[in-house]
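Spelled out, the chains give:
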Amino acid sequence: MKTNKKSIVNHMQDFGALIALVLLVAGISIVSPEFRTWGNFLSLLRQSSINGLIAFGMTCVILTDAIDLSVGSVLALSTALCAGMIANGVPAGLAMILALVLGTGFGIISGLFVTKGRLQPFIATLITMTVYRGLTMIFTGGKPISNLGDSFVLKLIGKGNWYHIPIPVILLILIFIGFYVLLNKTTFGRAVYATGSNAKCAKLAGINIHKTKIAAYAISGFMAALSGLILLSRLGSAQPTLGSGYELDAIAAVALGGTSMSGGRGKIYGTFIGVLIIAVLNNGLNILGVSSYYQDVIKGLVILVAVLSDRKR
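Since we're looking at a predicted model, the values are computed, not measured.

Rules behind the numbers
Residues numbered from 1 in each chain as written. Predicted model: local features only at pLDDT ≥ 70, side-chain atom pairs only at ≥ 80, totals over all residues. Heavy atoms only, no water. Axes fitted to C-alpha atoms, helices over the stretch in contact; angles between N-to-C directions. Helix = DSSP H or I, 4+ residues; strand = E, 2+ residues; numbered from the N terminus. Parallel < 35°, antiparallel > 145°, perpendicular 65-115°, else oblique. Left-handed = near helix turned anticlockwise from the far one by under 90°. Contact = heavy atoms within 4.5 Å. Nonpolar A, V, L, I, M, F, W, Y, C, P; charged D, E, K, R; others polar. Salt bridge = Lys/Arg side-chain N within 4 Å of Asp/Glu carboxyl O. Buried < 20%, exposed > 50% of the residue type's maximum accessible area, 1.4 Å probe, protein only.

## Re the packing of helix α4 (residues 71-87) against helix α6 (residues 121-140)
Two packed helices can be described by the angle between their axes and the distance between those axes.
Argument step 1. Between α4 and α6, whose axes approach to 8 Å, the crossing angle comes to 25°. With respect to α6, the axis of α4 lies roughly parallel. The interaxial crossing formed by α4 with α6 has left-handed handedness. Mapping the contact onto sequence places Gly72, Ser73, Val74, Ala76, Leu77, Ala80, Leu81 and Gly84 in α4 and Met129, Tyr132, Arg133, Leu135, Thr136, Phe139 and Thr140 in α6.
Argument step 2. Its residues assigned to classes, the contact of α4 with α6 shows 9 nonpolar, 5 polar and 1 charged.

## Quick notes on the pattern of salt bridges
Argument step 1. Scanning the entire structure with this criterion turns up 1 salt bridge.
Argument step 2. Between Lys155 and Asp150 there is a salt bridge, with its nearest N and O atoms 2.4 Å apart.
Argument step 3. Judged by relative accessible area, which is 40%, Lys155 ranks as partly exposed.

## Some points on the packing of helix α3 (residues 38-63) against helix α8 (residues 167-185)
Argument step 1. Two elements in contact, α3 and α8, have axes whose closest approach is 8 Å; the angle formed by their N-to-C orientations is 25°. Accordingly, the angle class assigned to the pair α3 and α8 is roughly parallel. For the crossing formed where α3 meets α8, the hand is left-handed. Contacts from Leu42, Leu45, Arg46, Ser48, Ser49, Gly52, Leu53, Phe56, Gly57, Cys60 and Leu63 of α3 reach α8 at Pro168, Val169, Leu171, Leu172, Ile175, Phe176, Phe179 and Leu183.
Argument step 2. Of the residues that constitute the contact of α3 with α8, the class distribution is 14 nonpolar, 4 polar and 1 charged.

Written out as structure tokens, the structure is:
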């Protein structure tokens with residue numbers, strides 16, 4: 001009998017985020033009919049794509065028992081560099097590829113600080129967050145970079161549609177599937193979980209924990225840069241303050257999805273659900289006309305509940 005009760009509790013914990021999402025959607029739908037329209041649903045998914053892509057990369061990092069505070073700054077710097085290249089005549093497609101390479105490189109630098117520099121992940125990425133943000137301000141002069149021309153490729157990634165489905169939404173779903181396979185069906189995925197669960201045992205088992213963490217940070221940097229390209233497409237310019245605070249939303253999505261902040265436990269589909277919870281909260285509260293100040297308080301309380309639940313587990 002006790003085993004059955006324990007099993008039920010475990011299942012409730014595993015699917016707690018999904019249950020919370022369903023209840024949240026149902027509650028807001030009842031209060032506001034406007035929320036449950038197909039157009040609003042697509043808009044919600046489009047808005048969540050930015051946080052979703054960053055959160056997927058953040059999940060890899062947190063699973064290794066680390067954290068990445070620099071994602072917002074990586075997004076801003078890689079986007080500014082991309083916009084600067086396009087404005088100076090570099091073909092948009094090439095500039096976008098170089099931005100992704102640079103974003104990956106910025107992530108690797110954070111990973112090297114953590115592994116080779118032996119800095120705490122919080123301190124290491126706080127440093128890179130500050131430096132990258134400062135470099136963004138220097139490069140842009142504190143002003144937006146526009147005059148990006150009329151590139152089809154650049155417009156497609158953020159504004160395009162395929163059978164009335166926004167390209168950012170398609171990217172979000174495809175990349176989610178990619179991360180699911182990466183973390184659950186590959187040697188690298190097993191190394192990520194093993195490193196976060198017990199680094200010493202993972203090392204004894206022959207896993208290169210330094211390479212695993214650096215790879216996780218590289219993935220996080222790549223995803224931040226990709227999110228920046230989507231924003232660049234949608235806004236038509238690179239803002240020097242772009243991405244500010246995005247690391248908090250990404251960490252919140254990971255925590256809401258049930259990934260342990262101590263590493264080694266969590267699922268990428270949980271992060272996806274966490275992203276949707278935050279998106280539904282933002283969208284629903286906006287439709288209901290709730291002040292942005294109260295929205296921050298509500299989101300903070302939701303994150304608190306998620307973290308306390310993780311500690312209890």
